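If you want the building blocks of each chain, they are given just below.
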Amino acid sequence: MASGQTEGKRNANMDVLRMISMLMVTMLHALTKSDLLPFMGNEVSANGWIAWVLEVFSVPAVNIFMLISGYFLISSSFKTGRLVEIALQALFYSAGSFTLFLLLGKAAPVSIGSYDFFQYFLPIHMETYWFISAYVIVYLLLPLIANGVHAMTKKQLEGVILWLLVYECVIKSFLPVRLSMDTRGYSFLWYLTLFLVGARIRLYGFKIVKTARRGWFLYIVSTFLILAEIFMISQIQVRTGRLKEMTTVSLEYNHILVFLSAIGIFAAFLHAKPPGESKSPKQRPGRLVCMLSPYCLGVYLLQENLMMRYLWQDWFGLREAMEQPIPVFLFRVLGAVAVMFVLGICVDMLRSVLFRVIANLVVRKDKEKCRT
């Protein structure tokens, strides 16, 4: 199984995929939270079609992150330090953004109730960042999950994955109604399902989609089928008045097509040649990718904190972009995604430096106490 080049202990191919996935996440937040996706039952402009294509090509992003988690964590051990770090990182962005906006006079203290306060200062328990909350639960259960997976035979593991996919993914994807227990992929159970899929790939390889070309084919075909399903259901709704709640069901993380598109692009990078092979390590693009990849989570935490979740789109005039000429529309959308990605990386690098300084001060004080 080709798993890509490793820079130190990092897998360069997976780090590239992690960064691309975060760009996709930013694209999703740019489009959906600026109301740039027109209803396909009506006449759709050129900008509208471009927005939908960008949306469907980006929608597997979150599933990709979950697959990557399973792929790497299944061979890792639980570390209390990692759990504390992820909790403090989420707190840094949620409480930090609130404090900053308060100091700048952009948030009124009198309008902040106790519920709002806990959303800022208990982000994991309040599911301020749903992805982080799900990740923390999976990580807390990592010893149980990892030991269970390693104790299973390949057939047993595949059986568990199959039934989880049927329960969470397959049934909802083919029924014309909403299931009461369908969380649309925003849940620990869906994270666990994809975690196990990533673990299975790590332990037993990827023989079904065994080349990068097949992976790209699966990703592209699944993506256009998502677009086709949205268009078809929209047309049915216009003509019959039915299926109103099902219009965008194929964009949900636990839809079969979104799952397959994530599997496709994951396989494409898993089997791809390592980026920038060179005799000199200093000249390898993979070295830069591996250096920046650990800060990708900060991009999500910055743009999705409660103070900025629906604000940063206005910085780039995205809500008015649909009426602009195609080049202007593309420049605004792609420019907003690029700027927010770079800004998120830079902020998280600063956050990392701050955490390191604080950690060093704590360690130094502990050493001084021991000497006395």
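Refer to the structure above for everything that follows.
Residue numbers run consecutively from 1 along every chain, following the written order of its sequence. A pLDDT threshold of at least 70 governs which residues receive local features in this predicted model, and a stricter bar of 80 or more applies before side-chain atom pairs are shown or counted, although totals over entire chains, interfaces and linings include all residues. As a convention, hydrogens and water are excluded, and side-chain values are obtained from all of the structure's heavy atoms.

Let's talk about the side chain of Q235
Put simply, DSSP marks the helices as runs of H or I at least four residues long and the strands as runs of E at least two long, and each gets a number from the N terminus on. Relative to the elements of secondary structure, Q235 occurs in helix α10 (residues 212-240). Within polar-contact distance, the side chain of Q235 engages the backbone oxygen of M40 at 3.0 Å. Any two residues whose heavy atoms approach within 4.5 Å at even a single point are treated as in contact. Contacts of Q235, omitting those with residues within four sequence positions, involve M40 and G41. Here a polar contact means two N or O atoms within 3.5 Å. Within protein one must be a hydrogen donor candidate and the other an acceptor candidate, and residues neighboring in sequence count only if both atoms are side-chain atoms.

Considerations on a nonpolar patch on the surface
Patches here: salt-bridge-free residues with over 30% relative accessible area, like charges joined within 9 Å, nonpolar side chains (Val, Leu, Ile, Met, Phe, Trp, Tyr) joined within 5 Å. Exposure was quantified through the Shrake-Rupley algorithm and a 1.4 Å probe, taking into account, for residues, occlusion by the shown protein chains and nothing else. Here, a salt bridge means any side-chain nitrogen of Lys or Arg that lies within 4 Å of a carboxyl oxygen of Asp or Glu. Taken together, the side chains of F78, I137, L140, L141 and L144 make up a nonpolar region of the molecular surface, amounting to roughly 430 Å² of accessible area. Topologically, I137 is positioned in helix α6 (residues 130-140). Only protein chains enter the area calculation, which uses a 1.4 Å probe; residues under 20% of their type maximum are buried, those over 50% are exposed, and those in between are partly exposed. According to the relative accessible area criterion, I137 is partly exposed, its value standing at 38%.

Here's the deal with the packing of aromatic side chains
Only rings of Phe, Tyr and Trp enter the pairing, Trp through its six-membered ring, and a pair is recorded when the two centres are within 6.5 Å. The plane angle decides the type: under 30 degrees is stacked, over 60 is edge-to-face, the rest tilted. One pass over the structure, following the stated rule, counts 26 aromatic pairs. With a centroid separation of 5.7 Å and an interplanar angle of 75°, the aromatic rings of F57 and Y219 are classed as edge-to-face. Remark: Y219 occurs in helix α10 and F57 occurs in helix α2 (residues 46-58); sequence separation between them is 162 residues. Ring centres of Y71 and F72 lie 5.1 Å apart, and the angle between their planes is 90°; on these two criteria the pair is classed as edge-to-face. One aromatic cluster is present, built from ring pairs that chain together F65, F78, Y129, W130, F131, Y135, Y139, Y186, Y191, Y253 and Y300. We call a charge positioned above a ring when the Lys NZ or Arg CZ atom is no farther than 6 Å from the ring centre and deviates by at most 35 degrees from the ring normal. One Lys or Arg, K33, reaches over the ring of Y310 and ends 5.3 Å from the middle of that ring. Taking the ring centre of Y71 as reference, the NZ or CZ of R202 above it sits at 4.9 Å.

Regarding helix α13 (residues 296-303)
For α13, a buried count of eight out of eight residues is recorded, marking the element as mostly surrounded by other parts of the structure. Within the span of α13, buried status applies to C296, L297, G298, V299, Y300, L301, L302 and Q303.

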